[in-house]
Amino acid sequence: MKRSKAAVGSALFFVVAPGTVIGVIPWLLTGWRIHDPLPYWTPLRVVGAALLIAGVTVAAQAFVRFVVEGLGTPMPVAAPERLVVGGLYRYVRNPMYVALLVAIVGEALLLGQLSLLAYAAVVVLITNLFVRFYEEPTLRRRFGAEYEAYRRAVPGWWPRLRPWEPE
């Protein structure tokens, strides 16, 4: 796939998929209403804003990595031609999903809407099922031993302290 096509496809998918997960659904659940679940919540709002910004930034970087390194998109119908193992993928196999969860937790703290933590738990469950039963088997079939070596070396959900160096 041409890089320009991959870039356009990834940008559109970024707006639709993460935009729904960290934008539309939290808005439907909260209406962006700000609550103060406990006194002195303001410091947690600051932490929430930082987590939200970090989550969106990391997710965007993960999408860019699919274009630059993989010559494809995160969409299964326009999957990358090469296994994406650079950048943040050297620390954790699923930086995009981890980033979206961090963003949702950030929104919960920023808005004081603790119901978003329950939503985050649902996203964790759905994401884990998707990764385990669709994504990992697909990557095994598509990339074989290269993916297996990567899977053994890089944790799926909790980042390594040092980046993985492929041999």
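Residues numbered from 1 in each chain as written. Predicted model: local features only at pLDDT ≥ 70, side-chain atom pairs only at ≥ 80, totals over all residues. Heavy atoms only, no water.

Here we look at a nonpolar patch on the surface
- On the surface, Val24, Trp27, Leu28 and Trp32 cluster together into a nonpolar patch covering about 430 Å² of accessible area.
- Mapped onto the secondary structure, Trp27 falls in helix α1 (residues 3–30). (Patch = residues over 30% accessible without salt bridge, like charges linked within 9 Å, V, L, I, M, F, W, Y side chains within 5 Å. Areas by Shrake-Rupley, 256 points an atom, 1.4 Å probe, with all protein chains shown as cover. Salt bridge = Lys/Arg side-chain N within 4 Å of Asp/Glu carboxyl O. Helix = DSSP H or I, 4+ residues; strand = E, 2+ residues; numbered from the N terminus.)

A closer look at the pattern of salt bridges
- The full count for this structure, using the stated rule, is seven salt bridges.
- Glu69 is the salt-bridge partner of Arg65, the closest N and O atoms lying 3.2 Å from each other.
- Owing to a relative accessible area of 18%, Glu69 belongs among the buried residues under this scheme.
- We note a salt bridge from Glu148 to Arg140, for which the minimum N-O separation is 2.6 Å. (Buried < 20%, exposed > 50% of the residue type's maximum accessible area, 1.4 Å probe, protein only.)

Some words on the side chain of Arg93
- Its place among the elements puts Arg93 in the loop between α2 (42–68) and α3 (95–111).
- Within the structure, the side chain of Arg93 is placed 2.9 Å from the side chain of Glu136, a separation counted as a polar contact.
- Leave out the neighbours within four places in its chain, and Arg93 touches Glu136, Tyr147, Tyr150, Arg151, Val154, Pro155 and Gly156. (Polar contact = N/O pair within 3.5 Å; in protein donor to acceptor, adjacent residues only side chain to side chain. Contact = heavy atoms within 4.5 Å.)

Observations regarding the packing of α2 against α3
- The contact between α2 and α3 brings their axes to 7 Å, and the two run at 155°. Viewed along their axes, α2 and α3 adopt a mutual orientation that is roughly antiparallel. As α2 packs across α3, the resulting crossing turns out to be left-handed.
- Taken together, the residues of the contact of α2 with α3 sort by class into 21 nonpolar, three polar and two charged. (Axes fitted to C-alpha atoms, helices over the stretch in contact; angles between N-to-C directions. Parallel < 35°, antiparallel > 145°, perpendicular 65-115°, else oblique. Left-handed = near helix turned anticlockwise from the far one by under 90°. Nonpolar A, V, L, I, M, F, W, Y, C, P; charged D, E, K, R; others polar.)

Some words on the confidence of the model for the protein chain
- With 100% of its residues at a pLDDT of at least 70, the protein chain reaches an overall mean of 94.
- At the low end of the mean pLDDT range in the protein chain sits α1, at 92; at the high end sits α3, at 98. (pLDDT = per-residue confidence, 0-100.)

What to know about α1
- Compared with the 40 Å implied by 1.5 Å per residue over 28 residues, the 38 Å span of α1 between its first and last C-alpha is a close match.
- The largest bend along α1 reaches roughly 60° and is located at Thr20.
- All of the buried residues along α1 are Ala6, Gly9, Ser10, Pro18, Ile22, Pro26 and Thr30.
- Summarising the contacts, the buried residues of α1 are in contact with α2, α3 and α4 (115–153).
- Positive phi shows up at Gly31, right after α1, with a value of about 65°. (Expected span 1.5 Å × (residues − 1). Bend = angle between axes of the 7 residues up to and from the residue.)

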